[in-house]
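Examining the three-dimensional arrangement
Here is how the chains run, residue by residue.
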Amino acid sequence: MILMGLPSSRAGDTLVLVDDIETALNSSAEGTLSNFFDVEQASDLLLRFRRLKTRFPDARWLLKPSSKLQDGRSTLEVFINGSTQLKEQDYHFQSKQILAFRTRKEKIIDQELLFEESILRSNNHLIPITLQIPDAVLTGSRYDIDVLFDEPLGESIVAAGLIDLTSKQINADESPEILLAPMHGGGLFKSVLAPLIPGKQTWAILLAHTNGIISVTKLVRVVPTEEELAIN
């Protein structure tokens with residue numbers, strides 16, 4: 001796969017770099033990982049890598065290079081899957097991220113998270129859900145956060161809650177306390193307000209169903225113009 005807008009030699013270099021990073025992630029080669037990033041980037045990556053592997057020892061990564069942005073940065077799709085057991089209950093984790101990054105001398109020197117959607121489910125029943133949450137919104141706008149159960153709930157008791165994660169909670173990778181309330185109508189339906197200042201909002205959502213638990217993390221970019229709503 002050749003990255004759009006890159007000369008073939010640079011595209012090839014990027015593909016090799018991405019392949020090497022994927023191999024290092026899946027082989028848990030921490031020492032090798034640090035070779036592909038500058039000092040600051042490597043330190044942050046290794047911290048997040050260790051946290052994830054502690055929670056999900058069998059985590060696997062799939063990296064897919066994508067097209068360049070208008071500002072010259074390359075983009076990368078990251079897919080993560082893993083599982084764990086807590087108090088005799090199995091849980092499965094899946095995540096998709098889109099990262100923008102720059103390289104220098106075959107190392108990543110900066111990166112930005114543009115998209116993230118992660119779901120953690122208890123494995124006794126893989127309850128299907130649909131997320132209707134925008135990837136990007138305008139500053140100061142009101143938007144909806146909807147999480148729908150794809151199958152009828154019947155007589156099941158369901159509770160849910162959500163919070164807007166702080167930068168401190170995100171950086172510390174904290175598991176926030178989310179207050180739950182009974183749900184009606186087959187899902188969680190919330191209307192929220194975007195900040196007046198451009199940036200990002202990260203929402204943590206918890207659904208408690210008779211047949212299991214579902215935890216969702218969703219990144220929403222907050223941008224000042226309609227032209228910036230799409231990743232380009």
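Below is a summary of the structure that appears in this document. Keep in mind that what you see is a predicted model, and the values were worked out from it rather than measured.

Right, let's talk about the packing of aromatic side chains for a bit. Applying the stated criterion across every chain, the model contains 2 aromatic pairs. Taking 5.4 Å as the distance between ring centres and 35° as the angle between the ring planes, the aromatic pair formed by F49 and W61 counts as tilted. A residue pair is termed long-range when its members are at least 10 positions apart, and F49 in helix α3 (residues 39-55) and W61 in strand β1 (residues 60-65) qualify at 12 residues. Of the two residues examined, F49 and W61, each falls in the buried class. Judged by centre distance (4.9 Å) and plane angle (15°), the rings of F56 and F93 are stacked. Of the two residues, F56 is situated in the loop between α3 and β1 and F93 in strand β3 (residues 89-104); the sequence distance between them amounts to 37 residues. Taking the relative accessible area as the measure of exposure, F56 reaches 6% and is therefore buried. Over the ring of F115 we find K96, and its NZ or CZ is 5.6 Å from the ring centre.

The next subject is the pattern of salt bridges. In the structure shown here, the tally under the stated rule is 7 salt bridges. D44 is the salt-bridge partner of R48, the closest N and O atoms lying 3.0 Å from each other. Highlighted residues: R48 and D44, both in helix α3, separated by 4 residues, approximately one helical turn. Shared partners join several salt bridges into a network, and the residues in it are D71, R73, E112 and K200.

Turning our eyes to something else, we now look at the environment of S156. With respect to the secondary-structure elements, S156 resides in the loop between β7 (142-149) and β8 (158-165). Using a relative accessible area of 27% as the deciding quantity, one classes S156 as partly exposed. Along the chain, S156 and A204 lie 48 residues apart, while their C-alpha atoms are 23 Å from each other. Those residues in contact with S156 that lie beyond four places of it in its chain are H209 and T210.

With that out of the way, let us pick up unusual backbone geometry. The phi angle at E88 is positive, at roughly 65°, despite the residue not being glycine. Positionally, E88 belongs in the loop between β2 (74-86) and β3. Its identity as a non-glycine residue notwithstanding, E106 has a phi of 65°, on the positive side. Positionally, E106 belongs in the loop between β3 and β4 (107-122). When its relative accessible area of 63% is taken as the criterion, E106 is described as exposed.

Attention now goes to the layout of surface pockets. Taken as a whole, the second largest pocket encloses approximately 290 Å³ of empty space. In terms of lining residues, the second largest pocket is bounded by 17 residues, among which R73, L114, R221, V223 and E228 are the most central. Contributing elements (two or more residues each) for the lining of the second largest pocket: β4, β11 (199-209) and β12 (212-223). A per-element tally of the lining of the second largest pocket places β12 first, with 3 residues. Classifying every residue of the lining of the second largest pocket by side-chain character gives 8 nonpolar, 3 polar and 6 charged.

Turning next to α3. For α3, with 17 residues, the first-to-last C-alpha span of 25 Å sits near the 24 Å given by 1.5 Å per residue. Within α3, the full set of buried residues consists of Q41, A42, L45, L46, F49, L52 and K53. Projected down its long axis, α3 shows its buried positions confined to an angular sector of 135°, all on one face. Exposed and oriented more than 90 degrees from the buried face of α3 are E40 and T54.

Thresholds, definitions, all that
- Residues numbered from 1 in each chain as written.
- Predicted model: local features only at pLDDT ≥ 70, side-chain atom pairs only at ≥ 80, totals over all residues.
- Heavy atoms only, no water.
- Phe/Tyr/Trp six-rings, centres within 6.5 Å; stacked < 30°, edge-to-face > 60°.
- Helix = DSSP H or I, 4+ residues; strand = E, 2+ residues; numbered from the N terminus.
- Buried < 20%, exposed > 50% of the residue type's maximum accessible area, 1.4 Å probe, protein only.
- Lys NZ or Arg CZ within 6 Å of the ring centre and 35° of its normal.
- Salt bridge = Lys/Arg side-chain N within 4 Å of Asp/Glu carboxyl O.
- Contact = heavy atoms within 4.5 Å.
- 1 Å grid on protein atoms, 1.4 Å probe; cavity = no way out; pocket = protein on both sides within 12 Å on 5 of 7 lines; lining within 4 Å.
- Points joined across faces, edges and corners; volume = space filled by probe spheres on them.
- Nonpolar A, V, L, I, M, F, W, Y, C, P; charged D, E, K, R; others polar.
- Expected span 1.5 Å × (residues − 1).
- Arc of directions from axis to C-beta.

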